[in-house]
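Letter by letter, the chains look like this.
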Amino acid sequence: DIFFFLLITILILVLWLGARIVYRFHHTRMPVPERFNHHTSLELIWAILPSLVVTMIYLPSLTLTYTFDDLINKPRLTVKVVGHQWY
């Protein structure tokens, strides 16, 4: 539930920022474009923040997967599958 809330929040933020950029920098509102080159700290935040969000999402699922592997010591059913090549 918290991951869904986090994803919806990020979606709303990105859509709002996109709409704001489209509105503010439309050619009718700003006929002469501004000139700027780089903003290093903003680029670092823009790169690190999504990786942290993805890490927060996959870590609980990864630990859950490995815990389920440790719970089953002796399975009740074993399936043997034999495959043959088509001739």
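For every chain, the first residue of the written sequence is number 1, and numbering continues from 1 along that sequence. Totals for whole chains, interfaces and linings use all residues, but because this is a predicted model, local features are given only for residues with pLDDT of at least 70 and pairs of side-chain atoms are given and counted only at 80 or more. The basis for every side-chain value is the complete set of heavy atoms in the structure, and neither hydrogens nor water enter the calculation.

1. Here we look at the overall build of the protein
For step 1, the next point in the chain: Helix and strand content of the protein: two helices and zero strands.
For step 2, the next point in the chain: Taken over the C-alpha trace, the protein has a radius of gyration of 25 Å; the compact-globule value for 87 residues is 12 Å, which it surpasses by more than 25%.
For step 3, the next point in the chain: The principal-axis extent of the C-alpha atoms belonging to the protein is close to 70 × 40 × 25 Å.
For step 4, the next point in the chain: Using a 1.4 Å probe, the Shrake-Rupley method yields the accessible areas, and only the shown protein chains count as cover for residues. For the protein, the computed accessible surface area is about 9300 Å², with 70% contributed by carbon and sulfur atoms.
For step 5, the next point in the chain: Computed over 7 positive and 5 negative side-chain charges, the separation of the two mean positions in the protein equals 6 Å. Note on conventions: DSSP H or I runs of at least 4 residues are helices, E runs of at least 2 residues are strands, and numbering of each starts at the N terminus. All radius of gyration figures rest on C-alpha atoms, and the globule criterion is 2.2 Å times the number of residues raised to 0.38. Charge counting follows a simple rule: Lys and Arg are positive, Asp and Glu are negative, and His as well as the terminal groups are ignored. Charge positions come from single atoms, namely NZ of Lys, CZ of Arg, CG of Asp or CD of Glu.

2. Observations regarding a nonpolar patch on the surface
For step 1, the next point in the chain: On the surface, Phe4, Ile8, Leu11, Ile12 and Leu15 cluster together into a nonpolar patch covering about 510 Å² of accessible area.
For step 2, the next point in the chain: Along the chain, the position of Ile8 falls in helix H1 (residues 2-24). Patch membership requires over 30% relative accessible area and the absence of a salt bridge. Like charges are linked within 9 Å, and nonpolar side chains (Val, Leu, Ile, Met, Phe, Trp, Tyr) within 5 Å. By convention in these notes, a salt bridge is any Lys or Arg side-chain nitrogen within 4 Å of a carboxyl oxygen on Asp or Glu.

3. What to know about the UniProt feature "transmembrane region" (unreviewed entry) in the protein
For step 1, the next point in the chain: UniProt positions are given in the numbering used here, feature names are shortened, and annotations may be inferred rather than shown by experiment. The UniProt record marks residues 6-23 and 44-68 with the feature "transmembrane region" (unreviewed entry), using the residue numbering of this structure.
For step 2, the next point in the chain: End C-alpha to end C-alpha, residues 6-23 measures 26 Å, and it is 100% helix and 0% strand.
For step 3, the next point in the chain: Note that residues 44-68 is 100% helix and 0% strand, and that its end C-alpha atoms are spaced 37 Å apart.

4. Side note on the environment of Leu15
For step 1, the next point in the chain: Position of Leu15 among the secondary structure elements: in helix H1.
For step 2, the next point in the chain: Three exposure classes are used, based on accessible area relative to the maximum for each residue type with a 1.4 Å probe and protein chains only: buried under 20%, partly exposed in between, and exposed over 50%. In this structure Leu15 comes out as exposed when scored by relative accessible area, which is 56%.
For step 3, the next point in the chain: Sequence separation of Leu15 and Arg35 is 20 residues, and the distance between their C-alpha atoms is 24 Å.

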